[in-house]
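The lines below spell out each chain.
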Amino acid sequence: MATSKEDVSLYTIGHSRHAIDTFIDLAEHHGISLFIDVRGQPYSRFNPQYNHKRFRESLAEHGIDYLWLGDRLSGRPTEAKFYGVDGKVLWHELSLWPALHEGLTEVLERAASERLALVCAEEDPMRCHRRFLLTPPLIERGARVLHIRGDSSLQSEEEMRGTEELGANRAQLNLFK
């Protein structure tokens, strides 16, 4: 599919509360042939259609492949060294982890030959580790990252960064002047 690193595009998506048929429609609409699951624990008490085995089987029924890389690409690592005393993830430490970068290398290698999406639970990429932990090093390595939204629209990472900058630079109106 891609001829160089600069040609590599990959997608991200959050399964949210979608019915599995809706999720598969999103995948088919965007031509996704492989989902790489980046959830550390690929299970959902509230959305069991996304439990590891069931999810993989549903995708396979539609000719879509599934690969779990949550052991390396999760926002909730199992290693205690990635958590502060307050229990919060030490994002900078995690971003330097060699296993994370090995996982990203595998993602890029696969994205060079097939259309894939990184999948997590959160629909909004602005609130998910697939955007703030995984996207920056993928872009640094030459990939173009596109976020599939629940309404089937695509948002490029460039568009999302532009939206952030607009929000950060927008002055609050003073209602009491």
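Attention here is on the structure that accompanies the text. Predicted model only: the values in this text are computed from it and were never measured.

Thresholds, definitions, all that
Residues numbered from 1 in each chain as written. Predicted model: local features only at pLDDT ≥ 70, side-chain atom pairs only at ≥ 80, totals over all residues. Heavy atoms only, no water. Helix = DSSP H or I, 4+ residues; strand = E, 2+ residues; numbered from the N terminus. Buried < 20%, exposed > 50% of the residue type's maximum accessible area, 1.4 Å probe, protein only. Contact = heavy atoms within 4.5 Å. Areas by Shrake-Rupley, 256 points an atom, 1.4 Å probe, with all protein chains shown as cover. Pairing = 2+ DSSP bridges. Salt bridge = Lys/Arg side-chain N within 4 Å of Asp/Glu carboxyl O.

The next subject is the overall build of the protein chain. When helices and strands are counted, the protein chain shows seven helices and six strands. Per-residue burial over the protein chain gives 42% buried out of 177 residues. Put simply, 70% of the contacts in the protein chain that link residues at least 6 apart link residues at least 24 apart. Summed over all atoms, the accessible surface of the protein chain reaches about 10,000 Å², with 50% contributed by carbon and sulfur.

Let us now look at the pairing of strand β1 (residues 9–14). The element β1 is extensively covered by neighbouring structure, given that five of its six residues are classed as buried. Bridge analysis of β1 against strand β5 (residues 144–148) gives five bridges, and the strand direction is parallel. Following the sheet pairing, S9 is matched in β5 by R144.

Attention shifts here to the pattern of salt bridges. What the rule picks out here adds up to 10 salt bridges. Note that R72 is salt-bridged to E106, the shortest N-O span being 3.3 Å. One end of the pair, R72, is in helix α3 (residues 70–73); the other, E106, is in helix α5 (residues 98–111), with 34 residues separating them in the sequence. Across the salt bridge formed by E123 and R149, the nearest N and O atoms sit 2.9 Å from each other. One end of the pair, E123, is in the loop between β4 (116–120) and α6 (129–140); the other, R149, is in the loop between β5 and β6 (154–156), with 26 residues separating them in the sequence. The residues E123 and R149 share a single accessibility class, namely buried.

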